[in-house]
Amino acid sequence: MNQIKLYFLTGFLGSGKTTLLKNLLENMEGTKVGVIQNELGKISIDGTVLQNDDIHMVELNRGSIFCSCLRLSFVDALAKMSQQGLEYVFVESSGFGDPSNAEEILEATKVLVGEVYDFRGCICLVDCYNFLDQLGDEITIDRQLKHCNLAVLTKVDLVDREQIELIKEKVQEINPVCPITESENGNINRSFYDMDLMKYQWAECEETTNSAETKPKTFSMNFAGEIEKDKLEAFLEKIEPSVYRAKGFFKVKNEGWEKVDVVGKKLDYAPYEEQEQSELVFISKIGIALIREIKEAWDEYVGLPMKLNN
Ligand SMILES: Nc1nc2c(ncn2[C@@H]2O[C@H](COP(=O)(O)OP(=O)(O)OP(=O)(O)O)[C@@H](O)[C@H]2O)c(=O)[nH]1
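Cut-offs used in this document
- Residues numbered from 1 in each chain as written.
- Predicted model: local features only at pLDDT ≥ 70, side-chain atom pairs only at ≥ 80, totals over all residues.
- Heavy atoms only, no water.
- UniProt positions renumbered as here; feature names shortened; annotations may be inferred.
- Buried < 20%, exposed > 50% of the residue type's maximum accessible area, 1.4 Å probe, protein only.
- Helix = DSSP H or I, 4+ residues; strand = E, 2+ residues; numbered from the N terminus.
- Pairing = 2+ DSSP bridges.
- Salt bridge = Lys/Arg side-chain N within 4 Å of Asp/Glu carboxyl O.
- Near = heavy atom within 4 Å.
- Polar contact = N/O pair within 3.5 Å; in protein donor to acceptor, adjacent residues only side chain to side chain.
- Areas by Shrake-Rupley, 256 points an atom, 1.4 Å probe, with all protein chains shown as cover.
- 1 Å grid on protein atoms, 1.4 Å probe; cavity = no way out; pocket = protein on both sides within 12 Å on 5 of 7 lines; lining within 4 Å.
- Sits in = over half its atoms within 2 Å of the grid points.
- Core = buried A, V, L, I, M, F, W, Y, C linked by side-chain atoms within 4.5 Å.
- Contact = heavy atoms within 4.5 Å.
- Patch = residues over 30% accessible without salt bridge, like charges linked within 9 Å, V, L, I, M, F, W, Y side chains within 5 Å.

- Labelled according to an unreviewed UniProt entry, the chain appears under the name GTP-binding protein, originating from Dorea formicigenerans.
- Reading the Catalytic activity (unreviewed entry) entry of the UniProt record for the chain gives the comment "GTP + H2O = GDP + phosphate + H(+)".

**Here's the deal with the pairing of strand β9 (residues 243-252)**
Remark: a regular strand shows side chains that alternate across the two faces of the sheet.
Inference 1: With 9 of 10 residues buried, β9 is to be regarded as a mostly interior element.
Inference 2: Pairing analysis gives 6 bridges linking β9 to strand β12 (residues 278-284), with the strands arranged antiparallel. Among the inter-strand pairings, Val243 is bridged to a residue of β12, identified as Ser284.
Inference 3: Looking at chain direction, β9 and strand β10 (residues 256-263) are connected through 8 bridges and run antiparallel. Bridge pairing links Arg245 to Val263 in β10.

**Here's the deal with the pattern of salt bridges**
Inference 1: Under the defined criterion, the tally for this structure stands at 23 salt bridges.
Inference 2: Lys155 is the partner of Asp127 in a salt bridge, and the nearest nitrogen-oxygen pair spans 3.0 Å. Of this pair, Asp127 sits in strand β5 (residues 117-127) while Lys155 sits in the loop between β6 (150-154) and α7 (161-174), placing them 28 residues apart in sequence.
Inference 3: In this structure, Lys229 and Glu258 form a salt bridge, with 3.8 Å as the shortest nitrogen-oxygen distance. Note that Lys229 is positioned in helix α8 (residues 229-239) and Glu258 in strand β10, a separation of 29 residues in sequence.
Inference 4: One network of salt bridges, in which partners are shared, links Asp98, Arg143, Lys146 and Glu206.

**Things to note about the site of the ligand**
Inference 1: Around the ligand sit 20 residues, and of these Thr18, Thr19, Asn185, Arg245 and Lys247 come closest.
Inference 2: The contact in question runs from an oxygen atom of the ligand to an N or O atom on the backbone of Gly16, over 2.9 Å.
Inference 3: Here an oxygen atom of the ligand sits 2.6 Å away from a polar atom, N or O, in the main chain of Asn185.
Inference 4: Against a free-state accessible area of 660 Å², the protein chains account for coverage of 91% of the ligand.
Inference 5: Here the ligand is seated within the largest pocket.

**Description of the nonpolar core**
Inference 1: Within the largest apolar cluster, 45 residues are counted, with the highest numbers of intra-cluster contacts made by Leu6, Phe8, Phe74, Val91, Leu145 and Val171.
Inference 2: With residues near it in sequence (within four places) discarded, Val171 still touches Val126, Phe131, Leu145, Ala151, Leu153, Cys178 and Ile180.
Inference 3: Within the second largest apolar cluster, 22 residues are counted, among which are Val35, Met57, Leu125 and Leu197.

**Concerning a nonpolar patch on the surface**
Inference 1: Among the surface-exposed residues, Val177, Tyr200 and Trp202 lie close enough to one another that they form a single nonpolar patch of about 320 Å² accessible area.
Inference 2: Here Val177 lies in the loop between α7 and β7 (180-182).
Inference 3: In this structure Val177 comes out as partly exposed when scored by relative accessible area, which is 31%.

Encoded structure:
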């Protein structure tokens, strides 16, 4: 029996995991691929972005797949996915995912379904635009890099060579053995498929830092109307310091549907297909206090009825 090639994609919130995965999948026509998509919140934005008839997709939301709260569901999803006649399975972890216990999860899967997977490694994405600001504050970033088998520096188009070299040094300080490659808007040299990424492993399996207690609060917002882009922008800029990440779809007056991404100080838009309602997901840095900030900023810049959910 041919084993299924299994990759875990990790990397902090907004580092470009979905963008990279979308690009990899677009180049795999005719190959049977499975995706396990993990989001911290209840609602999956990335699942909608990746959805495609050829892909066998499972979504695990409301936490990290490495946390005890979802670990069993994750093992179960891996086991079920192994029965679908797939050649590749990609797991896109949530941006808060700490994969320190990946080995345990693979062991548990083996106990359930045998050696059906050929684990090819954890690929960790490093957001060159935000990395130096985030490093030091976020233990998750440290763990993701420590436990990776390939580091992919993303958003290299937004920074200069000097910064890229500095980031490479920082990555090597945390993980001196993982190969490092670069990616721009999801484009990546595919030679990593032929590499034995598991040849050198830096870190031993350890307890993940993901738990129900460390999970950041997430909120989602629904809005049935449309607003001008400058109002949306003013609202997002106001709450940006209090969120790790905001993303979703929005109907913008005179422009139509836009995919909205907020990562650090960077706000990105891309045209998007029509949806029933505008929807944004927020990952809070300040716990439930974000509810008040969202409401105040929305009232200040928009002032129309919206629904905020947790
Ligand atoms: N300029 C530039 N933007 C990028 C690149 N890669 C990703 N982005 C943008 O960064 C934002 C976040 O990208 P995603 O692919 O959604 O990131 P993610 O890691 O899946 O996000 P989470 O699942 O929320 O952690 C989007 O607006 C992307 O278009 C890149 O190489 N260059």
